[in-house]
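Residue-level structure breakdown
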Amino acid sequence: MNAMTETRPLLSVRNLTKRYGPRIGCADVSFNLYPGEVLGIVGESGSGKSTLLSCLAGHQTPDTGEVIFQTAQGPRDVLQMAEPDRRRLGRTDWAFVHQNPRDGLRMGVTAGGNVGERLMAVGARHYGDIREKATDWLGRVEIAADRIDDRPRQFSGGMQQRLQIARNLVTGPRLVFMDEPTGGLDVSVQARLLDLLRGLVRDLGLSVIIVTHDLAVVRLLAHRLMVMKSGHVVEQGLTDQVLDDPQHGYTQLLVSSILQV
Amino acid sequence: MTDQAYNFAYLDEQTKRMIRRAILKGVAVPGYQVPFASREMPMPYGWGTGGVQVTAACLMPEDVLKVIDQGADDTTNAVSIRKFFQRTAEVATTEATAEATVIQTRHRIPEAALTKDQILVYQVPIPEPLRFLEPRETETRKMHSLEEYGLMHVKLYEDIARHGAIATSYAYPVKVEGRYVMDPSPIPKFDNPKLSNSPALQLFGAGREQRIYALPPFTHVVSLDFDDHPFEPSKAPHDCDLCGASESYLDEVITDDHGGRMFVCSDTDFCRTRREAGHVGRLGTPSQEAAE
Ligand SMILES: Nc1ncnc2c1ncn2[C@@H]1O[C@H](COP(=O)(O)OP(=O)(O)O)[C@@H](O)[C@H]1O
Ligand SMILES: [Mg+2]
């Protein structure tokens, strides 16, 4: 991994806190993500994973903290950016894969239109080129080319999720956020999706922050792991180290509970 | 209520001032949808209450008003709006495009070239071009303000994917002065080129949706398209059967129950003017005036 080299972090998060009234969403979270790295965020339901992810991605505004992203113009605190710039980042350098494909797809638009949207959003104006790229990306996520003019409603849950991934990756984002991308799917479908994700991450050298409550997912995908409890990060480190030799009592519980399943 | 209770052109001066302010704002920011407090009008929504309010705010006693619906002056909608202003503003009315100073229209731009002394007022049912794919008003407003218009092309992409070509033939979206994407109201796309660089002032009023927008004279307006599927203003590939015009927008008219049909100019004033000048189409008869 790059973590030990002198490369600058792609994303540097400092003391991020988000409260919902008196309740803590996430508190005082700090970490670095290096280019090409996959960071897993695990923890039980309600531990603050989604809150953290949506604050990082700019979907929610945290109360305090810094989210410094290595832009083409150098490091910038995303939270201090003007909204147009942040939204532009959201459709160019960044991508967000939602747990529920309905939240990340346009259900009334064809598969090709869904994949093409980001291309058109950044100025693609050649129908033939857009279609060619969409076809290519459908292939990469194992959706047959002849489904390009079907709408996502006609797709299975697994296919919808793969379509959402294609739609997000088509513009070559530098940082991908994923919130429980395999949640809500049948076990066999999950396995196939994980396999696919692993291939894409490896082939494209993606930098990813992936939230999940499923330790099998991070075992397969993540280089590093962050364990959250009640909004706080209680342990972080290399995935194998954390899973095989958990230091924090909560992580030990988490790891043993999966062993019992 | 009696007619005496009406102010000139129906609306009270306070309301007119409010609408004029919205119009001025629209003129200052071409293509931008300006919210306004639409008033109850003595006609149902869908009958052009937005256009009527804009017209009422523009009319001066010396104006000459023309009202058209789908190109014709004699449809119920056009007749009732014309009567409304005859009664409430006592302005002169005309069917001749060239004589009018204010033209309220639904679904067409007149064929005859407009001049700098004319105002064209469009009746608009749905002012938001992005609504087709993004129903949330907060989001579409943000998309306009940040110029995030990729979604407009998704709509055109879907058209080509399903129909092999851009099938949108009415309310074809345009970009105004390289900035705002605008719905030109349900005019045929054949009329889109006439939106651009017109010497006339063009005003758009949506009553139910409470929006006014504008194209000041000589505004540059471009119809959206793809490099490999360029915009094409299309019409039926015929000449007008009454006046022989080859370059006007045509309506297809069924003439009997044996499949008989003819194509005639949708702009009735344009057609009549040509016939009076001696032009005769395939099924036309020489006009009286032309014969004299
Ligand atoms: N929109 C919200 N309003 C109020 N409380 C919220 C909201 N979203 C999350 N929370 C609370 O914040 C905490 C963290 O939730 P969340 O980030 O969804 O956790 P996770 O994704 O790990 O399940 C929980 O206590 C949850 O109830
Ligand atoms: Mg969650």
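Residues numbered from 1 in each chain as written. Chains lettered and ligands numbered in written order. Predicted model: local features only at pLDDT ≥ 70, side-chain atom pairs only at ≥ 80, totals over all residues. Heavy atoms only, no water.

1. Observations concerning the sheet that holds strand E7 (residues 180-182) of chain B
Each strand in a sheet pairs with its neighbour through backbone hydrogen bonds, running either in the same direction (parallel) or in the opposite one (antiparallel). Residue and element names in this part refer to chain B. As summarised here, the arrangement of the 3 strands in space is E7-E6-E10, forming an open sheet in which the pairing is antiparallel. Looking at which strands have only one partner, the edges of the open sheet turn out to be E7 and strand E10 (221-223). When the angles between neighbouring strand axes are averaged without regard to direction, this sheet yields 30°. In the sheet, strand E6 (residues 174-176) pairs with E7 via 3 bridges, with the strands oriented antiparallel. (Pairing = 2+ DSSP bridges. Helix = DSSP H or I, 4+ residues; strand = E, 2+ residues; numbered from the N terminus. Axes fitted to C-alpha atoms, helices over the stretch in contact; angles between N-to-C directions.)

2. With respect to the packing of helix H1 (residues 13-28) of chain B against helix H2 (residues 49-58) of chain B
Residues and elements named next belong to chain B. For the pair H1 and H2, the least separation of the axes is 9 Å and the interaxial angle reads 100°. When the axis of H1 is compared with that of H2, the two are roughly perpendicular. For the pair H1 and H2, the contacting residues are Lys 16, Ile 19, Arg 20 and Ile 23 in the first and Gln 53, Val 54, Ala 56, Ala 57 and Cys 58 in the second. In the contact of H1 with H2, the residues fall into 6 nonpolar, 1 polar and 2 charged. (Parallel < 35°, antiparallel > 145°, perpendicular 65-115°, else oblique. Contact = heavy atoms within 4.5 Å. Nonpolar A, V, L, I, M, F, W, Y, C, P; charged D, E, K, R; others polar.)

3. A look at helix H3 (residues 76-89) of chain B
Residues and elements named next belong to chain B. Taking 1.5 Å of rise per residue, the 14 residues of H3 would be expected to cover 20 Å, and the 20 Å separating its terminal C-alpha atoms lies within 8% of that figure. For H3, every residue scored as buried is listed here: Asn 77, Ala 78, Ile 81, Arg 82, Phe 84, Phe 85, Thr 88 and Ala 89. The buried residues of H3 occupy one face: seen down the axis, they fall within an arc of 155°. Opposite the packed face of H3, turned more than 90 degrees from it, sit the exposed residues Thr 76 and Lys 83. Of the surrounding secondary structure, the elements contacted by the buried residues of H3 are H2, strand E2 (64-69), strand E3 (92-93), strand E4 (102-106) and strand E5 (119-123). Two residues or fewer after H3 comes Glu 90, characterised by a positive phi angle close to 55°. (Expected span 1.5 Å × (residues − 1). Buried < 20%, exposed > 50% of the residue type's maximum accessible area, 1.4 Å probe, protein only. Arc of directions from axis to C-beta.)

4. Here's the deal with the nonpolar core
Across soluble globular proteins, nonpolar side chains have a tendency to be buried as a group. Val115(A), Leu163(A), Ile165(A), Val176(A), Val208(A), Tyr157(B) and Phe226(B) are the most contacted members of the largest nonpolar core, which totals 68 residues. Per element, the largest residue contribution to this core is 7 residues, and it comes from helix H5 (residues 150-163) of chain B. Once residues within four sequence positions are removed from consideration, Tyr157(B) is found in contact with Thr110(A), Gly112(A), Gly113(A), Met120(A), Tyr127(A), Ile130(A), Arg131(A), Ile148(A) and Phe226(B). Core analysis: the next-biggest nonpolar cluster, separate from the first, contains 32 residues, Val34(B), Leu59(B), Ile81(B) and Ile119(B) among them. (Core = buried A, V, L, I, M, F, W, Y, C linked by side-chain atoms within 4.5 Å.)

5. Observations regarding the packing of aromatic side chains
Each aromatic ring pair is specified by the distance between its two centres and by the angle formed by the two planes. In this structure the tally under the stated criterion is 12 aromatic pairs over all chains. With centroids separated by 5.2 Å and ring planes inclined at 75°, the aromatic side chains of Trp94(A) and Phe177(A) adopt a geometry described as edge-to-face. Of this pair, Trp94(A) sits in strand E6 (residues 94-97) while Phe177(A) is found in strand E7 (residues 175-179), placing the two residues 83 residues apart along the sequence. Judged by centre distance (6.0 Å) and plane angle (65°), the rings of Tyr127(A) and Phe226(B) are edge-to-face. Placement of the pair is Tyr127(A) in helix H5 (residues 127-140) and Phe226(B) in the loop between E10 and strand E11 (250-254), with the two residues belonging to separate chains. The same class applies to Tyr127(A) as to Phe226(B), namely buried. The rings of Phe69(A), Trp94(A), Phe96(A) and Phe177(A) are connected pair by pair, giving a single aromatic cluster. (Phe/Tyr/Trp six-rings, centres within 6.5 Å; stacked < 30°, edge-to-face > 60°.)

6. With respect to the side chain of Ser207(A)
All names here are of chain A. In this structure, Ser 207 sits in strand E8 (residues 207-211). Reaching out from Ser 207, the side chain makes a polar contact with the backbone nitrogen of Gly 36 at a distance of 2.8 Å. In this structure Ser 207 touches Leu 10, Leu 33, Tyr 34, Pro 35, Gly 36, Glu 37, Arg 174, Leu 175 and Val 176, once residues within four positions along its chain are discounted. (Polar contact = N/O pair within 3.5 Å; in protein donor to acceptor, adjacent residues only side chain to side chain.)

7. Comments concerning the interface of chain A and chain B
Opposite the 22 residues of chain A that make contact, chain B presents 21 residues. Here chain A packs against chain B, burying approximately 1900 Å² in sum over the two surfaces, 57% of which is carbon and sulfur. The salt bridge partner of Arg87(A) is Glu148(B), with a shortest N-O separation of 2.7 Å. Secondary structure elements with two or more residues in the side of chain A that touches chain B: helix H2 (83-91), helix H4 (111-121) and H5 of chain A. The biggest single contributor to the side of chain A that touches chain B is H4(A), with 5 residues. In terms of residue class, the side of chain A that touches chain B is built from 7 nonpolar, 6 polar and 9 charged. (Buried area = accessible area lost by both parts, 1.4 Å probe. Salt bridge = Lys/Arg side-chain N within 4 Å of Asp/Glu carboxyl O.)

8. Re the site of ligand 1
Residues and elements named next belong to chain A. In the region of ligand 1, the neighbouring residues are Tyr 20, Arg 23, Ile 24, Gly 25, Glu 44, Ser 45, Gly 46, Ser 47, Gly 48, Lys 49, Ser 50 and Thr 51. Separating an oxygen atom of ligand 1 from a backbone N or O atom of Gly 46 is a distance of 2.7 Å. In the model, an oxygen atom of ligand 1 is placed 3.2 Å from a nitrogen or oxygen of the Ser 47 main chain. Bound to the protein, ligand 1 loses 61% of the 560 Å² it would expose on its own. A breakdown of the residues in the shell around ligand 1 according to their chemical character gives 2 nonpolar, 7 polar and 3 charged. (Near = heavy atom within 4 Å. Areas by Shrake-Rupley, 256 points an atom, 1.4 Å probe, with all protein chains shown as cover.)

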